[in-house]
Every structure is written in C-alpha cells, then in structure tokens.
Amino acid sequence: MKNIYSLRAVTHSYGEHHTLDVESLDIPEGGVTGLTGPNGSGKSTLLKILAFLQPPRSGKLLFGGEPSSGREREIRRDVTLLLQDPFLLRRTVFENIAYGLKLRGISRAETETRVRDAMARVGMATEDFAPRPWFRLSGGEAQRVSLAVRLALRPRVLLLDEPTANVDEASAILIKEAVVRARRDWGTTIVIASHDLAWLHDVATEIVGMYGGRVVGDGAANLIRGDWRIEGPEDRYVSIMLDGFKITADAPQPGILAKCAALSPSDINVTVSPAASPDGHNSISCTLTQMSMERTTGSILCATDCGGISLKARISPDLARELKLCPGMRLTLSFPREALKFISSLGSV
Amino acid sequence: MNYITEGFFQAIGLILSMDEETWQAVGVTVRLTVMSMAATLSVGLPLGFLLGYFDFPGKRGAHMVVDTLLALPTVVVGLVVYAFISNRGPLGDLRLLFTIRGMAIGQTILALPIVIALTANAVECLDGRLRMTLATLGAGGWRMAATSLRECRFALMAAAVTAYGRVVAEVGVSMMLGGNIKWHTRTITTAITLETGKGDFALGIALGILLLAISFALNAGLSFLKRRADA
Ligand SMILES: Nc1ncnc2c1ncn2[C@@H]1O[C@H](COP(=O)(O)OP(=O)(O)O)[C@@H](O)[C@H]1O
Ligand SMILES: [Mg+2]
C-alpha cells in the first residue's frame, strides 16, 4: 500500500516549548489510522501539521510520495481537519455545509445533492436540520454538522481530532459509521486522534501511540507514570502504586529520566489464580473492566484496573475462551522486569 | 414644574399642526445624517477592518490614536473644519462653510473614530477558531477576510448605530459649520438650542420627540433586518 504521508524527523514547537518530535511516521493511503495518547502528547499538533495549517519547524513531510513544501495551498483543497473544538459559521446548517463547496466552485444543484448526502451520512434529516441557525443545535448535533461540513467536500484525506470527546453514545456510533462509509465510498484516507481506545479499535486499521510529543509504538502500550525510586543493591527502579503493590523495572537507558515506563500489552501474562511470581517478574492482581476485539491484530485487549492505574493486556481469543473471562473478574497480571522500558518525553530530556 | 408638563402637551399639539419651518429642520437633519453616515461607514468599515484584521508595525499606536479620537469634542471638530473651509482656509474655494455638505464633513470626522474602533474591536474579538476552521475548508486570502467580516455583522450594526447616535445628537458641529440658518442649515438639534434659549420649551420638546421618533424608526428597521438575517 502506498503511503499518503511520510514524516521524517518532523519537529514542532510553540515558542521555546518543544511539542513534537516524530522521527519517522508513515500513513498508508486509504487506511484509517488512529492516534492515541494522553492529553498534551501532541496529537492535535500533529494533525494540524498533516492538515497543512501550520508548517513543521523542521523535518521532511512527503504528501503523496512527493515533498509538500510549496504545494500547501493546493494540498489543502484535498485535506480537511475536523478541529478538536469544532466551530460553525453564524449561518444556517445548510449554508455551513455548502460553504466549502462554494469555495470550490461547485454548482448550486450539485451543492444541494452533496449537502443532502453529507447530512444523511451523519444521520440528520435535511428537512429538519438544514434551515436551522447555528445556535439551535445541541453539542452532539453541532459536532455532526461539523463532520458533515467536511464530508460534503469528499476529501482525499479526512483528519478528525477527538471527534467523539463530547458527544453521546448514539452520536459516537453515527460518527463511526460515517467514517467507515467515507473510506469505502471515496477511498478517503482517515486519521483520527482519540482517547477512546475501544471506539478507535473498532474503526482503525492501525494505531499509532503518542507520548510527550513522540511516537511510541502501536498505541496500545501501557504507560506507567509513577513515583519511580531506586531501591536495592542492583539499582532497580521501583514504583509503589496506590494499592501498595510494587512494580519493579530495570534502570533506564542513559539520558532518559525514570518518569514514565512503557509496557506492551503483549508482554503481560494473564491468569485467573494468584500465581507465585518467579524472581524478576512483577505480579499484580487487578479487576477486569472491559474486553474489546482489536481489529488490527485479531487479539482480545483486556482493560484492567489495578488499584488506580489501568493496564491493558493482549491475549488470544482462545485463551479468553479458556479462562472464561468476563468483566468484574479478579485476575493476576505478570510481566518480566525487562518488559518495562522507560521512555523519554520532550521537555524531560 | 408645571411649565414642563404644560410644555409637553403643547408639544404634542405642535407636532400635529407642524409648521413648514419646523418640517424644514427635520428634512435638513435627515439629509445631513444620511450624508454623514454614508461617508462614515464607507470609510470607517474598511479602515476598521484593516486595523483589526492585519498585523502591522505600529498597530498598537494606531489603536491608541483611534481610541483617543473617540473623545473628540464636537466644538474642536467644528473649530478645525471651520479653519479649513472658511473663506480664508485652504479649502475655502469649495464654498462649504454654512452648507449641509460642510456640516457632513464635520460629522463624519466626529463619527469615524467610533466606527473604526468598534469595527476593529469586533474583528479582533472574532472567535480564534474561525480562521483555523476556514483554513480547514480551503479558504484563504480575501475569501477568509470577507467571511470574517460577515461573521461579525451584528457587531458592525452596533457600531453603525452608535455612530448614528453621536451624529444625530451633536450640536457643536452643526452650529459652528452650519450657522443655524433658517430654511437652510437649521437642524433639529440647533433648533432646540435656539428655541430653548428663547424660552419656547414646547417647541423644544416637540422637536426632541421628533428626533427620538426618527431614531426609533431606524432601530425598528434594523431589528427587522437582523431578525431576517438570523432566520
Ligand atoms: N497554540 C499553542 N501554543 C502554545 N503551546 C501549545 C499550543 N498548542 C498546544 N500547545 C502545547 O503543545 C503540547 C501538545 O499539545 P496538543 O498537540 O494539543 O496535544 P494533544 O492534542 O495530544 O492533547 C501541549 O503541551 C500544549 O500545552
Ligand atoms: Mg488535542
């Protein structure tokens, strides 16, 4: 599959504050790429760069296999971003959706058709909603209109910044369906930033995790931020969690501060009985809170609550069946010390 | 106290049986206001937009000058314009002194800072997400500027109404540049000043009521337009 975006050593900063440092990232054409990570990890900044709303400070950004610099205006016609905090013009819903089409010189008749189609895609009846003024919409409706504004453009790339953050369940489902249909009908490449991993796993064909301005693995990675302290003669780092249990890790690489450790869900072993942990293994008990099917890997992702922190473990569907897992069960998670890797974030380096 | 209520009832009677001289003052006021407002808006809106929309060196200084001019006294405007358009002044050949056009120049100078300052302010107070949103839809350059101007149309209306308030209520400029000449440059406000000076409260009150009625009609029209724009 061709990559529509290729980023190499792309950085961005707001003033002195370094916000983004993406060593390498490829986004395949026609796919649905999820971006996930905690608040402030740089998702919105990255999306604005992908939307060509702000140029990166440095680095190489290829669009469609060719350098993008100098073509920004032209590319902006093909790429559109639904901002994290959506905004409607002080006009009717119809005029809002028609605005971008008017810019592109699309005929009146075609505009009518496209507005109707875009509204249907987000589950809004044209007769009811098209003549409404901007202020007579609920939060979820405004979000769906904002999405319809972008869908009407039939863009080559659709970037969505936390589209489900402030909407109800029903709207979240409608937004998901609209995204899937856009990809199927027009081959639109979609990039979505979201906190909602379960929702994201339902739509995304791949997931990119972000932390502190950097890309960290497949997005399912557990990030354990704690009060890491050196303990014992072997310079092991220990973090004591709310419940009083300990997590032990090896010392970080030189130059990296012991602030945040990443733990891949695939490195966690799940059992139902309290297992005695072999030396050098962490073993903690927790409650299973949620299970979801991970479309990108075909595995089951188990979300658990371990005394205040949540950890995700990835298991095979067979194991899930064998253990007869269901939410609410007590589980034991174990993982080797070496599986924990301290990662650096910008600003702490 | 009695003479005030008496004056009020007499005023109603006067309005109903208005003489031609008074209607003339009303006509001058309307013509003068239309001229001043047309000039103020066609110069002030673009200047205010430029001041609010673009970043340029000296922007803060320009803001401060405009804000200071908001407090310009009418008599100072009258004095300066008088100096320019009187027979001895550099524009004396245009014969503008004691004409409605000369008065309109003074009123325009009086109202311009209001329209410029309020327009610039309205454009600066536009939601920060607006420009970003327009960019995501592919708008740039003049298209983005035009849409931004349309987004603050209600604030622009307020700017126009405020400027109108200043223009229609002032006496100093009309008196100094118009000369309060009967049948010619006498406006409602200069007529009120004159009649009150002569002790004719009833006529003064009648003229005041007429002035308010004109403003009321104007605002009713605007509010109708605004409701149409909202729907
Ligand atoms: N306009 C801005 N000016 C200054 N700092 C900003 C601005 N936008 C974002 N930041 C900073 O950049 C970092 C990344 O923010 P953002 O990209 O919004 O992350 P996310 O979307 O993942 O929450 C944060 O530390 C934030 O404070
Ligand atoms: Mg964000």
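Check the entry above for the structure.
Residues numbered from 1 in each chain as written. Chains lettered and ligands numbered in written order. Predicted model: local features only at pLDDT ≥ 70, side-chain atom pairs only at ≥ 80, totals over all residues. Heavy atoms only, no water.

**What to know about the overall build of chain A**
From N to C terminus, chain A includes nine helices and 21 strands. Whereas a compact globule of 349 residues would reach a radius of gyration of roughly 20 Å, chain A reaches 23 Å, a difference of no more than 12%. Along the first, second and third principal axes, the C-alpha atoms of chain A reach 75 × 45 × 40 Å. By the burial criterion, 53% of the 349 residues in chain A qualify as buried. (Helix = DSSP H or I, 4+ residues; strand = E, 2+ residues; numbered from the N terminus. Rg over C-alpha atoms; globule rule 2.2 N^0.38 Å. Buried < 20%, exposed > 50% of the residue type's maximum accessible area, 1.4 Å probe, protein only.)

**Quick word on the coordination of the magnesium ion (ligand 2)**
As a benchmark, a tetrahedral metal site with four donors has ideal angles of 109.5 degrees, while an octahedral site with six donors has ideal angles of 90 or 180 degrees. Residues and elements named next belong to chain A. The coordination sphere of the magnesium ion (ligand 2), as far as protein atoms go, consists of Ser44 (OG) and Gln84 (OE1), spread over 2.0 to 2.3 Å. Here Gln84 lies in the loop between strand 6 (79-82) and helix 3 (93-103) and Ser44 lies in helix 1 (residues 43-50), a separation of 40 residues in the sequence. The partly exposed category is assigned to Gln84, whose relative accessible area is 36%. (Donors = N, O, S within 2.8 Å, 3.2 Å for Na, K, Ca; no water.)

**A few points about the nonpolar core**
Residues and elements named next belong to chain A. Counting 84 residues, the largest nonpolar core has Tyr5, Leu50, Ile97, Leu147, Leu159 and Ile192 as its most contacted members. Per-element tally for this core: the top contributor is helix 3, with seven residues. Filtering out sequence-adjacent residues up to four positions away, Ile97 remains in contact with Val115, Ala118, Met119, Val145, Ala148, Val149 and Ala152. Counting residues in each nonpolar core, the second largest holds 31 residues, with Ile247, Ile284, Leu323 and Ala339 among its members. (Core = buried A, V, L, I, M, F, W, Y, C linked by side-chain atoms within 4.5 Å. Contact = heavy atoms within 4.5 Å.)

**What about the site of ligand 1?**
All names here are of chain A. The local shell around ligand 1 consists of Tyr14, His17, Thr19, Pro38, Asn39, Gly40, Ser41, Gly42, Lys43, Ser44 and Thr45. Interatomic distance of 3.4 Å between a side-chain N/O atom of His17 and an oxygen atom of ligand 1. Between an oxygen atom of ligand 1 and a side-chain N or O atom of Thr45, the distance comes to 2.5 Å. Look at ligand 1: alone it shows 560 Å² of surface, and the protein chains cover 61% of it. Looking at the shell around ligand 1, the elements with two or more residues in it are strand 2 (17-28) and helix 1. When residues in the shell around ligand 1 are grouped by element, the largest group, three residues, is from helix 1. Partitioned by chemical class, the residues of the shell around ligand 1 number two nonpolar, eight polar and one charged. (Near = heavy atom within 4 Å. Polar contact = N/O pair within 3.5 Å; in protein donor to acceptor, adjacent residues only side chain to side chain. Areas by Shrake-Rupley, 256 points an atom, 1.4 Å probe, with all protein chains shown as cover. Nonpolar A, V, L, I, M, F, W, Y, C, P; charged D, E, K, R; others polar.)

**Notes on unusual backbone geometry**
The backbone phi angle of Arg154(A) is positive, close to 45°, even though this residue is not glycine. Its relative accessible area of 33% is what places Arg154(A) among the partly exposed residues. Here the phi dihedral of Arg95(B) falls at roughly 55°; this positive angle occurs in a residue that is not glycine. We classify Arg95(B) as exposed; its relative accessible area is 54%.

**A few points about helix 4 (residues 74-85) of chain B**
All names here are of chain B. An ideal rise of 1.5 Å per residue puts 16 Å on 12 residues; helix 4 measures up with 16 Å between its terminal C-alpha atoms. Among the residues of helix 4, Thr74, Val77, Gly78, Val81 and Ile85 are the ones counted as buried. In a view along the axis of helix 4, the buried residues occupy a sector of 100°, so they form one face of it. (Expected span 1.5 Å × (residues − 1). Arc of directions from axis to C-beta.)

**Side note on the packing of aromatic side chains**
Per the counting criterion, the structure on display carries nine aromatic pairs over all chains. Note on Phe8(B) and Phe9(B): the rings are 5.9 Å apart at their centroids and 80° apart in plane angle, and the pair reads as edge-to-face. Given a relative accessible area of 38%, Phe8(B) falls into the partly exposed group. On the numbers, 5.0 Å between centres and 85° between planes, the contact of Tyr53(B) with Phe54(B) is edge-to-face. For Tyr53(B), a relative accessible area of 9% corresponds to the buried category. Taken together, the ring pairs in this structure connect Tyr5(A), Phe52(A) and Phe63(A) into an aromatic cluster. (Phe/Tyr/Trp six-rings, centres within 6.5 Å; stacked < 30°, edge-to-face > 60°.)

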